[in-house]
Each structure stands twice: as C-alpha cells, then as structure tokens.
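One letter stands for each residue in the lines below.
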Amino acid sequence: MSSTEIFETLESKVRSYCRNWPVVFTKAEGSSLTDEEGNTYIDFFSGAGALNYGHNNPQLLEPLIDYLKSGEIVHSMDMYSPAKRTFLETFDRVILKPRGLDYKVMFPGPTGTNTVEAALKLARKVTGRQHVLSFSNAFHGMTLGSLSVTANPMKRAGAGIPLTNSTKIPYDDYLDGVDAEFGWLERALSDGGSGIDKPAAIIVETVQGEGGLSAARAEWLRRLSELCRRYDVLLIVDDVQAGCGRTGTFFSFEEAGIVPDIVCLSKSISGYGLPMALTLFRPELDVWTPGEHNGTFRGHNPAFITATAALETYWRDEAIVPTLAARISQLHEGLSQIAASIDGAVVRGRGLLAGIYFPDHDAAGKIAAEAFDSGLLIETSGPEDEVVKIMPAMTISEEDLAIGISILSDAVATVTG
Ligand code: PMP
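These lines cover the structure that appears in this document, whether it is placed above or below. This structure is a prediction, so every number in the text was calculated from the model and none was measured. (Residues numbered from 1 in each chain as written. Predicted model: local features only at pLDDT ≥ 70, side-chain atom pairs only at ≥ 80, totals over all residues. Heavy atoms only, no water.)

**Overview of the overall build of the protein chain**
For the record, the criterion: Put simply, DSSP H or I for four residues or longer makes a helix, DSSP E for two residues or longer makes a strand, and each gets a number counted from the N terminus. Only protein chains enter the area calculation, which uses a 1.4 Å probe; residues under 20% of their type maximum are buried, those over 50% are exposed, and those in between are partly exposed. Pairs of residues are marked as contacts when any of their non-hydrogen atoms sit within 4.5 Å. Per-residue accessibility takes into account occlusion by the displayed protein chains alone, with areas from the Shrake-Rupley method and a 1.4 Å probe. Positive residues here are Lys and Arg, negative ones are Asp and Glu, while His and the chain termini are left out of the count. Working definition for charges: the position is that of NZ of Lys, CZ of Arg, CG of Asp or CD of Glu.
Along the protein chain, the regular secondary structure elements total 14 helices and 15 strands. Counting only C-alpha atoms and orienting by the principal axes, one finds that the protein chain spans roughly 60 × 60 × 45 Å. Sorting the 417 residues of the protein chain into buried and exposed places 52% on the buried side. Summarising the internal contacts of the protein chain: among those between residues at least 6 apart in sequence, 72% fall at separations of at least 24. For the protein chain, the accessible area works out to roughly 17,900 Å², and carbon and sulfur atoms hold 54% of it. Charged side chains in the protein chain number 35 positive and 54 negative. The centres of these two groups are separated by 8 Å.

So, in structure tokens, the structure goes:
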C-alpha cells in the first residue's frame with residue numbers, strides 16, 4: 001500500500017489541501033515541514049493562518065509540556081480554571097488595555113466558524129433585527145449562519161437549503177481601483193420606503209483571506225464604521241484570519257483606527273495551532289442568557305496556556321512588531337518584483353496576508369504546484385483561485401523568507417515564461 005492509499009480508501013473525498021500536496025507530512029519546526037520521504041518544504045501556508053508563530057514554537061511548547069505534566073485540569077467546559085484566569089488577565093493587560101479597547105470576552109467554541117456564528121446570533125439578539133450585510137467574495141465559515149454571510153456560490157450551494165437574511169454588497173478594492181462607495185447604502189438605510197430591511201449588523205474582513213486577498217483601505221473602513229454608528233447597525237470585524245498580528249498589528253483594524261462592536265478571533269489566537277476562538281463585544285452588548293449559547297469545547301486549558309505564552313512572548317511591549325515590520329517589507333518588495341515581471345499581475349493583501357493576482361486565472365494553481373515540487377507550500381485564493389496566496393509565519397527568518405520568495409519567483413517564471 002502506498003503511503004497515501006489509506007486516506008483515499010477510508011477518508012471522505014471532501015478533503016482538499018491533500019490534493020495539492022499529496023505527501024504525508026511528519027515533522028515541522030518553525031517555517032519548515034518534512035514529509036515521510038524526508039523532503040523538506042518552506043511553509044508559506046501556516047495552517048491557513050493558525051500558525052502565525054510557526055510550527056512547534058519552543059516558547060510555547062515548554063509551558064504546554066509543563067502544564068500537561070502538572071496534572072492541572074485539561075477540559076473544563078466553561079468552568080473556572082487558573083489557566084483561563086491567567087489568559088483573561090493577560091489578554092486584557094497585553095492586548096485590550098494598551099489599545100484602549102473595552103470588550104467582554106466570550107469563548108464560543110473551538111473554530112473560526114463558531115465565533116462568527118456567535119457574533120451573528122448576538123447581533124440579532126441585541127438589535128431584534130434579522131438581516132446581516134456582508135461583502136462580495138467574503139468568507140466567514142461553513143455552518144449555516146456563517147455560510148449565509150459567505151459569498152462563494154459553490155460553498156453556499158453545499159448548504160442544501162436557501163441561505164436567507166443576508167445580502168452581499170461590493171467590497172472595497174475588489175476590482176482593483178473600483179471604489180465601492182456607500183452612498184447608495186446610506187440612501188437605502190435612511191429612506192424608510194427603500195424596501196431594504198435595516199440590518200442587525202455588517203460583517204467585514206479587512207483583508208479577504210479566502211476571497212482573493214483584496215484589502216480594504218483604512219479610509220473605507222472608517223466610512224463603513226461611521227455609517228454603522230449613524231444608522232445603529234452593529235459592525236462585526238471577522239479577524240479570524242487577518243488578526244493576531246498578520247497585518248502588522250494585533251488586530252487588523254488598528255491601522256484604520258476603528259473600534260468594531262464585535263470582533264471574531266480564532267486561528268492563531270492559541271499560538272500553537274490548538275483549536276481556540278474568541279468573540280469580543282462591547283460590554284453593553286452582553287445580553288446573553290446563561291446557557292443560551294453553549295458548547296463543549298469553549299476554551300481548552302492547554303490552548304489558554306499557549307495563548308498566554310504567545311501574548312507574553314510576542315505582544316507584551318509589542319516585542320514582535322519590529323521584526324514583523326521588517327518581514328512585511330521584505331515580502332512586499334519580493335512580491336512587487338515578481339509581479340512587475342508579468343503583464344497585468346497585481347500584488348494584493350496587507351502585511352503577511354498577501355498574494356499576487358494573475359490575469360490568466362489558471363496560472364496561480366500551476367504556480368502553486370510548481371512551487372510545491374520545488375519545496376514551497378503556497379495556496380491559492382479568490383473566486384477562481386486566480387491569486388497566489390502567501391502567508392508565512394510572523395516568526396519566519398529573513399533567510400527562509402528570501403528562499404521562499406526565490407522559489408516562488410522561479411515557479412512564476414516557469415509557469416508564465
Ligand atoms: N472567517 C474567516 C475570515 C476565515 O478565514 C475562516 C477560515 N478560513 C473562518 C472564518 C472559519 O474558520 P474555521 O475554518 O476555523 O471554522
């Protein structure tokens with residue numbers, strides 16, 4: 001039996017990443033992965049954004065091992081534990097207070113989809129309204145609520161039932177340079193006879209991680225935020241992928257200076273790739289009835305331990321920010337050079353959540369395949385997978401980033417040459 005045959009036989013066809021990378025990965029360290037055959041790969045994928053601090057980061061591994069050996073509680077649902085107490089205190093001291101943010105923290109379950117579901121339910125409960133606006137090419141998750149605000153038609157069709165109570169409106173910058181103004185929306189919201197239901201909330205990604213790496217301009221986000229305030233519509237920022245440092249600041253909306261009503265975090269919040277999610281909301285929105293929204297895995301103590309270690313190591317005094325800024329400049333310089341060599345290619349995204357759009361929509365997939373053969377993991381993004389997506393760990397070394405960019409550059413030259 002080949003090393004991958006058992007997956008083909010026993011596991012559902014629904015799996016997808018393995019189709020691009022048909023090897024069995026064994027070890028991983030920092031920004032490097034090894035397969036069963038001993039081949040190594042530079043990781044520009046980072047667990048779809050769950051590994052902002054790299055694989056098996058020793059700064060997080062040591063406290064995790066100590067914790068697991070200590071006999072302290074592992075699973076505690078939403079009961080009190082010292083690990084949870086320390087996480088809450090650290091998150092408040094290291095992340096919220098220095099940014100002047102006053103949010104209540106909810107543990108909605110282990111995944112990004114869970115935090116989006118909680119945010120949508122809360123917004124509907126608070127406002128008593130049902131409709132939610134989201135954006136063209138948005139991705140917010142795979143369960144019915146989060147899928148209803150997701151744009152991708154193929155994924156929506158998977159629901160098998162009509163997805164209601166959500167309308168998609170044009171995202172900023174999607175067609176590069178097209179200014180998706182809010183004038184029409186403002187008219188619709190202010191005109192009682194417009195026939196458009198006033199929404200409970202607008203949910204937005206500041207960078208569309210799955211939808212093609214379009215990035216909203218700070219000014220556009222500010223106008224969106226003002227519009228929400230003016231018409232008493234809650235603003236939800238889905239920072240599941242763009243948050244936890246990926247754009248250069250802990251929250252991706254910091255650059256715009258906006259304060260969303262609700263914030264969704266998951267992926268890299270545990271730091272170590274352990275499942276964990278947070279829903280943050282303004283304290284006055286805490287209208288839940290106890291038990292009204294619950295779940296078995298609402299904050300897992302080992303994840304609290306690694307999450308706390310990540311915040312203390314990388315965010316206390318913004319310790320990671322200077323090297324992160326340097327890696328971001330290095331990446332964008334490299335991507336600009338690659339894009340400059342191809343007619344119509346455009347660099348997309350922000351920070352270490354970036355990519356290159358290719359006018360030949362088949363190119364990105366071929367480039368990703370070519371890169372894999374040369375030892376680099378990259379994904380594609382966008383409605384037609386027309387964007388090569390680059391998402392290295394924030395802790396990647398200058399050298400590994402340079403090697404990865406050079407493999408990418410060669411792969412682009414081979415495919416487009
Ligand atoms: N929101 C965004 C912006 C995402 O990128 C994702 C995952 N790609 C999700 C929500 C859903 O997260 P999960 O896969 O953990 O359910």
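Moving on from the model shown.
**Points about the packing of helix 12 (residues 321-340) against helix 14 (residues 398-416)**
Counted only if it meets this: Between N-to-C directions, angles span 0 to 180 degrees; the directions come from axes that are lines fitted to C-alpha atoms, helices contributing only their stretch in contact. Comment on the angle field: the value is read as roughly parallel under 35 degrees, roughly antiparallel over 145, roughly perpendicular from 65 to 115, and oblique elsewhere. If you view the pair so one helix is near and one far, a crossing is left-handed when the near helix is turned anticlockwise from the far one by less than a right angle, and right-handed when it is turned clockwise.
Between helix 12 and helix 14, the shortest axis-to-axis distance is 10 Å and the interhelical angle comes to 15 degrees. As summarised for this structure, helix 12 and helix 14 are arranged roughly parallel, according to the angle between their axes. Read as a crossing pair, helix 12 and helix 14 show a hand that is right-handed. Contacts between helix 12 and helix 14 involve R327, Q330, L331, G334, L335 and I338 from the former and E398, L401, A402, I405, L408, S409 and V412 from the latter.

**What to know about unusual backbone geometry**
A positive phi is found at N137, a non-glycine position, where the angle reads about 65 degrees. If you trace the backbone, N137 turns up in the loop between strand 5 (132-135) and helix 7 (144-148). A residue is classified by how much of its surface remains accessible, and N137, at 17% relative accessible area, is buried. Here the phi dihedral of D317 falls at roughly 55 degrees; this positive angle occurs in a residue that is not glycine. Within the fold, D317 resides in the loop between helix 11 (301-315) and helix 12. Using a relative accessible area of 70% as the deciding quantity, one classes D317 as exposed.

**Regarding the nonpolar core**
Formally: Working definition of a nonpolar core: buried Ala, Val, Leu, Ile, Met, Phe, Trp, Tyr and Cys residues. They are joined through side-chain atoms within 4.5 Å. Segmentation of the chain into domains, including their bounds, is taken from an automatic or database domain assignment.
One finds F91, F250, F251, L265, W315, I378 and L408 to be the most contacted residues of the largest nonpolar core, which totals 86 residues. Residue contributions to this core peak at 9 residues, all from helix 11. Counting residues domain by domain, this core receives three or more from each of domain 1 (4-57 + 319-416) and domain 2 (72-318). Of all hydrophobic cores here, the second largest spans 20 residues; its members include M106, V240, I262 and W288.

**A short note on the sheet that holds strand 13 (residues 376-377)**
Selection criterion: Note on pairing: DSSP must find at least two bridges between two strands before they are called paired.
Within the open sheet, the 4 strands sit side by side as 1-2-3-13. Their pairing is mixed. Of all the strands in the sheet, just strand 1 (25-29) and strand 13 have a single pairing partner and so form its edges.

**As for the sheet that holds strand 15 (residues 387-390)**
Ordered by their spatial adjacency, 4 strands build an open sheet running 11-12-15-14, and the pairing between neighbours is antiparallel. Of all the strands in the sheet, the pair left with one neighbour each is strand 11 (346-350) and strand 14 (379-381). Shown here is a sheet whose adjacent strand axes are inclined to one another by a mean of 30 degrees, direction ignored. Of the strand pairs in this sheet, strand 12 (residues 353-357) and strand 15 are connected by 4 bridges, and their pairing is antiparallel. Each bridged residue has a counterpart across the sheet, and for A354 the counterpart in strand 15 is I390.

**Looking at the packing of helix 5 (residues 82-96) against helix 11**
Stated precisely, the cut-off is as follows: Classification used: nonpolar for Ala, Val, Leu, Ile, Met, Phe, Trp, Tyr, Cys and Pro, charged for Asp, Glu, Lys and Arg, polar for all others including Gly.
Relative to each other, helix 5 and helix 11 sit at 25 degrees, their axes nearing to 9 Å. It follows that helix 5 is roughly parallel to helix 11 by the angle criterion. Both helix 5 and helix 11 take part in a crossing whose hand is left-handed. Taken together, the residues of helix 11 that come into contact with helix 5 (itself represented by A83, K84, T86, F87, T90, F91, R93, V94 and I95) are N301, F304, I305, A307, T308, L311, E312 and W315. For the contact of helix 5 with helix 11, the class distribution of residues is 10 nonpolar, 4 polar and 3 charged.

**Points about the packing of aromatic side chains**
The description of two aromatic rings rests on the distance between their centres and on the angle between their planes. In plain terms, the rule: Stacked, edge-to-face and tilted labels apply to pairs of Phe, Tyr and Trp rings (six-membered ring for Trp) whose centres lie within 6.5 Å, assigned for plane angles under 30 degrees, over 60, and everything in between, in that order.
The tally for this structure, following the rule as stated, stands at 18 aromatic pairs. Both rings, one in Y17 and one in W21, keep their centres 6.1 Å apart while their planes meet at 10 degrees; by these two values the pair is stacked. Overall, Y17 belongs to the partly exposed group, its relative accessible area being 36%. Centre to centre, the rings of F135 and W220 are 5.3 Å apart; their planes meet at 65 degrees, and the pair counts as edge-to-face. A residue pair is termed long-range when its members are at least 10 positions apart, and F135 in strand 5 and W220 in helix 10 (residues 218-230) qualify at 85 residues. As far as burial versus exposure is concerned, F135 and W220 are alike and both buried.

**Comments concerning the site of the ligand**
Where we set the bar: Each residue is tested against the molecule or strand, and it is near if at least one of its non-hydrogen atoms lies within 4 Å. Under this definition, polar contacts are N or O atom pairs within 3.5 Å; protein pairs additionally need one hydrogen-donor-capable and one acceptor-capable atom, and for neighbouring residues in sequence, both atoms have to be side-chain atoms.
Close contacts around the ligand come from T111, G112, T113, F139, H140, G141, E205, E210, D238, V240, Q241 and K267, and that covers them all. Separating an oxygen atom of the ligand from a backbone N or O atom of G112 is a distance of 2.8 Å. At a separation of 2.6 Å, a nitrogen atom of the ligand approaches a polar side-chain atom of D238. Coverage of the ligand by the protein amounts to 83% of the 390 Å² it exposes when considered alone. Residue composition of the shell around the ligand, by class: 2 nonpolar, 6 polar and 4 charged.

**A closer look at the environment of M77**
Locating M77 in the fold gives a position in the loop between helix 4 (58-70) and helix 5. Judged by its relative accessible area of 33%, M77 is partly exposed. Residues M77 and W315, 238 residues apart in the sequence, show an inter-C-alpha distance of 27 Å.

**Brief notes about the pairing of strand 1**
Bridge analysis of strand 1 against strand 2 (residues 32-35) gives 4 bridges, and the strand direction is antiparallel. Counterpart to F25 in the pairing with strand 2 is D35. The loop that links strand 1 with its antiparallel partner strand 2 comprises 2 residues; one of these, G30, has a positive phi angle of about 60 degrees.

**As for the environment of I262**
Its place among the elements puts I262 in strand 9 (residues 262-265). Relative accessible area serves as the criterion here: at 0%, I262 is assigned to the buried category. C-alpha of I262 to C-alpha of K168: the two residues are 94 residues apart in sequence and 19 Å apart in space. Those residues in contact with I262, other than ones at most four positions away along the chain, are A119, L122, A123, L234, L235, I236, V237, T279, L280, F281 and L285.

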